[in-house]
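# Structural overview for review
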Amino acid sequence: MNTTADLKVVYFPSCINRSMGKNHFQDSDDLQLTELTHQLLVRAGFTIIYPEFMDNHCCGMPFSSKGFAEANHEQSEALENDLLKASENGKYPVLYDMSPCFYHSKEEFSKALKIVDPIEFMLDYVMPQLVVKNKKDTIAVFPVCSVKKIGKTEQLVTLSKLCAEKVTLIDSNCCGFAGDRGFLIPELNEHGLRDLKAQIPTNCKEGYSTSRTCEIGFEKMSGIDFKSIFYLIEEVTR
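One structure accompanies this document, and this report is about it. All values derive from a computational prediction rather than experimental measurement.

## Here we look at the pattern of salt bridges
Across all of its chains, the model carries 12 salt bridges by this definition. R18 is paired through a salt bridge with D55; the nearest N and O atoms lie 3.9 Å apart. Placement of the pair is R18 in helix 1 (residues 15–19) and D55 in the loop between strand 2 (47–49) and helix 3 (61–64), with a sequence separation of 37 residues. Taking the relative accessible area as the measure of exposure, D55 reaches 64% and is therefore exposed. The partner of K91 in a salt bridge is E88, and the shortest N-O contact between them spans 3.9 Å. Each of the salt bridges in this network shares a partner with another, and the network as a whole consists of R43, E234 and R238.

## Structural notes on helix 6 (residues 118–126)
With eight of nine residues buried, helix 6 lies mostly within the body of the structure. Listed as buried for helix 6 are P118, I119, E120, F121, M122, L123, Y125 and V126. At the N-terminal end of helix 6, a side-chain oxygen is found 2.8 Å from the backbone nitrogen of I119, two or three residues along, and the residue is D117.

## A look at the state of the cysteines
For the structure on display, the rule yields zero disulfides. Of the cysteine sulfurs around C101, a residue in no disulfide, the closest is that of C59, at 4.1 Å. As a non-bridged cysteine, C163 has C204 as the owner of its nearest cysteine sulfur, 14 Å distant.

## A look at the layout of surface pockets
The rolling of a water-molecule-sized probe over the atoms marks out the regions of remaining empty space. If you add up the space inside the largest pocket, you get close to 480 Å³. Forming the boundary of the largest pocket are 23 residues, of which M61, P100, A178, G179 and D180 lie nearest the centre. When residues of the lining of the largest pocket are traced back to their parent elements, those giving at least two are helix 3, helix 5 (99–108), helix 7 (145–149), helix 9 (181–184) and helix 12 (212–222). For the lining of the largest pocket, the per-class residue count stands at 13 nonpolar, six polar and four charged. Its volume calculated, the second largest pocket comes out at about 180 Å³. Along the walls of the second largest pocket sit Q26, D30, L31, L36, E206, K227, Y231, E234, E235 and R238, which together make up its complete lining. In terms of residues, the lining of the second largest pocket owes the most to one element, helix 13 (residues 229–236), which gives three residues.

What counts and what doesn't
Position numbers for residues start from 1 in each chain and track the written sequence from start to end. Confidence filtering applies because this is a predicted model: local features only for residues at pLDDT of at least 70, side-chain atom pairs given and counted only at 80 or more, and all residues used for totals across whole chains, interfaces and linings. Derived side-chain values reflect all non-hydrogen atoms in the structure, with water molecules and hydrogen atoms excluded from consideration. Whenever a carboxyl oxygen of Asp or Glu lies within 4 Å of a side-chain nitrogen of Lys or Arg, that contact is scored as a salt bridge. In this text, helices come from DSSP runs of H or I with a minimum length of four residues, and strands from runs of E with a minimum of two, each type numbered from the N-terminal end. Only protein chains enter the accessibility calculation, which uses a 1.4 Å probe; a residue is then buried when its area is under 20% of its type maximum, exposed when over 50%, and partly exposed in between. Identification of polar contacts relies on pairs of N or O atoms within 3.5 Å, with a donor-acceptor requirement for protein atoms, meaning one able to donate a hydrogen and the other able to accept it, and with residues adjacent in sequence counted only if both atoms are side-chain atoms. Any two cysteine sulfur atoms lying within 2.5 Å of each other are counted as a disulfide. Two kinds of site are reported from a 1 Å grid over the protein atoms alone, namely cavities, where a 1.4 Å probe fits but cannot get out, and pockets, open sets with protein on both sides within 12 Å along at least five of seven lines, and residues are called lining when an atom falls within 4 Å of a point. Grid points are joined across faces, edges and corners, and a volume is the space filled by probe spheres set on the points. Three classes are used, and their members are as follows: Ala, Val, Leu, Ile, Met, Phe, Trp, Tyr, Cys and Pro are nonpolar, Asp, Glu, Lys and Arg are charged, and the others, Gly among them, are polar.

The structure is reproduced here in structure tokens:
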């Protein structure tokens, strides 16, 4: 962790968040997640470093999940090399804005990079630099599969409770979106979230997570505004 006087972070926006835009509930003047994250980090006092050739980079998971092992390793190796360069060989932490991408890189990378999940980074690095000014009343949150695998569900709840009075943790083993398969087989998502609406309080209109594709499925199945928890943090600390 760098000192307060030297708050630098390498920000790797996932290819999904770079390309998929906003959800149905967001206004035309709402910021895209990548731009919102940039502004949030700057407001928290961070100097942001972006990896070279960022638009060419992907963690490799979309290839891995479809069995293209060679393409996955090529993408992962190229990303790791440029993150090493951007972070000065691990001197500065690397923020991921999607938990599944973080999990995949954590499994793939071989060198001493300090890559950080979005929940951990916001809780341990960003929130100490900001003041919560207007807590939400009621929100819902969902720990995506990779969050459960790395044991960060409790930290997600802790982070959420810094931002809202009442937090509903959605109980589902998996949302069923399964990466991008929910686009092709919506029945998976419909089954995974068949009990979703019954869990959401009637006065809850907003939900948050750390995976864009999961959020697309949650928006569809819940009928409420579901997006990255970075939006929540930005709003309550603005």
